[in-house]
Amino acid sequence: MKYGSTTCALEYAGRGAIEEWVQLFLRNDGENLEFADGLLLEKRYYAGPILTDITVFGIEEGAPSYLKEADEIHRFFQVVERMKSIIPDWDFPPLIVNYAFGRFEINDGRHRNIALHQMNIIQAPVIFWTSSEEDHRYITEFIRSTE
């Protein structure tokens, strides 16, 4: 089964199973096992997917700082360019964003985020996760304030 779509994420969220979708997506289509395993290390709180102004997350100019080799950087932007060509017809998976210590961090969806920014698309589906009830309350209020 393919999990990498907002439609699929919304179906799971409608059943109260967004955490299950995150794990299924990351372990399958998302190919991000390390992140999936890390999320299981302690209690997490999830919200979404919700259409969100992604400009609040900021964006690194150029290649992400974790990419060091020229071929890695080249491959990264090849993926971004491919995504830009299909985004209008693609039911892409939500960005997965952590909120902690007063800041947002995109944990899954860097390519999608850059492609969307380059296309001047500012609203995209997002799943938020936090590790504390206090941060979860903040995210819940943040979502309410954007509706």
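Located above this text is the structure these notes cover.
Source: prediction; values computed, not measured. (Residues numbered from 1 in each chain as written. Predicted model: local features only at pLDDT ≥ 70, side-chain atom pairs only at ≥ 80, totals over all residues. Heavy atoms only, no water.)

Draft legend 1. Spatial organisation of the environment of Phe-101. Structurally, Phe-101 can be placed in the loop between β2 (95-100) and β3 (103-108). C-alpha of Phe-101 to C-alpha of Arg-82: the two residues are 19 residues apart in sequence and 34 Å apart in space. (Helix = DSSP H or I, 4+ residues; strand = E, 2+ residues; numbered from the N terminus.)

Draft legend 2. Main features of the pattern of salt bridges. Per the counting criterion, the structure on display carries six salt bridges. The salt bridge partner of Arg-27 is Asp-37, with a shortest N-O separation of 2.7 Å. Taken as a pair, Arg-27 in helix α2 (residues 18-27) and Asp-37 in helix α3 (residues 33-39) lie far apart in primary sequence, ten residues in all. Judged by its relative accessible area of 33%, Arg-27 is partly exposed. Overall, the relative accessible area of 41% leaves Asp-37 in the partly exposed class. (Salt bridge = Lys/Arg side-chain N within 4 Å of Asp/Glu carboxyl O. Buried < 20%, exposed > 50% of the residue type's maximum accessible area, 1.4 Å probe, protein only.)

Draft legend 3. Helix α5 (residues 110-118), seen in detail. Taken across its nine residues, α5 has seven buried, putting it largely inside the fold. Among all positions of α5, only Arg-110, Arg-112, Asn-113, Ile-114, Ala-115, Leu-116 and His-117 are buried. Looking one or two residues beyond α5, the residue adopting positive phi is Asn-120, at roughly 60 degrees.

Draft legend 4. Structural context of the layout of surface pockets. Here the largest pocket is characterised by a volume of approximately 600 Å³. Together, 22 residues line the largest pocket, and Tyr-66, Asn-107, Asp-108, Gly-109 and Arg-110 are the ones closest to its centre. Broken down by secondary-structure element, the contributors of at least two residues to the lining of the largest pocket are β3 and α5. Broken down by element, the residue count for the lining of the largest pocket peaks at six residues, all from β3. (1 Å grid on protein atoms, 1.4 Å probe; cavity = no way out; pocket = protein on both sides within 12 Å on 5 of 7 lines; lining within 4 Å. Points joined across faces, edges and corners; volume = space filled by probe spheres on them.)

Draft legend 5. Region of the structure containing the nonpolar core. Residues Phe-57, Val-97, Phe-104 and Phe-128 are the most contacted members of the largest nonpolar core, which totals 24 residues. Ignoring anything within four residues of it in the chain, the contact list for Phe-57 reads Thr-52, Leu-95, Val-97, Phe-104, Ile-106, Val-126 and Phe-128. In terms of nonpolar packing, the next biggest core, distinct from the first, is built from 17 residues, Phe-25, Phe-35, Ala-36 and Trp-129 among them. (Core = buried A, V, L, I, M, F, W, Y, C linked by side-chain atoms within 4.5 Å. Contact = heavy atoms within 4.5 Å.)

Draft legend 6. Highlighting the sheet that holds strand β4 (residues 123-130). The sheet built from four strands is open, its strands ordered β1-β4-β2-β3 with mixed pairing. Strands at the two margins of the open sheet, each flanked by one partner only, are β1 (45-53) and β3. Looking at each pair of strands side by side, their axes are set apart by 35 degrees on average, direction ignored. Bridge analysis of β2 against β3 gives five bridges, and the strand direction is antiparallel. Following the sheet pairing, Ile-96 is matched in β3 by Asp-108. (Pairing = 2+ DSSP bridges. Axes fitted to C-alpha atoms, helices over the stretch in contact; angles between N-to-C directions.)

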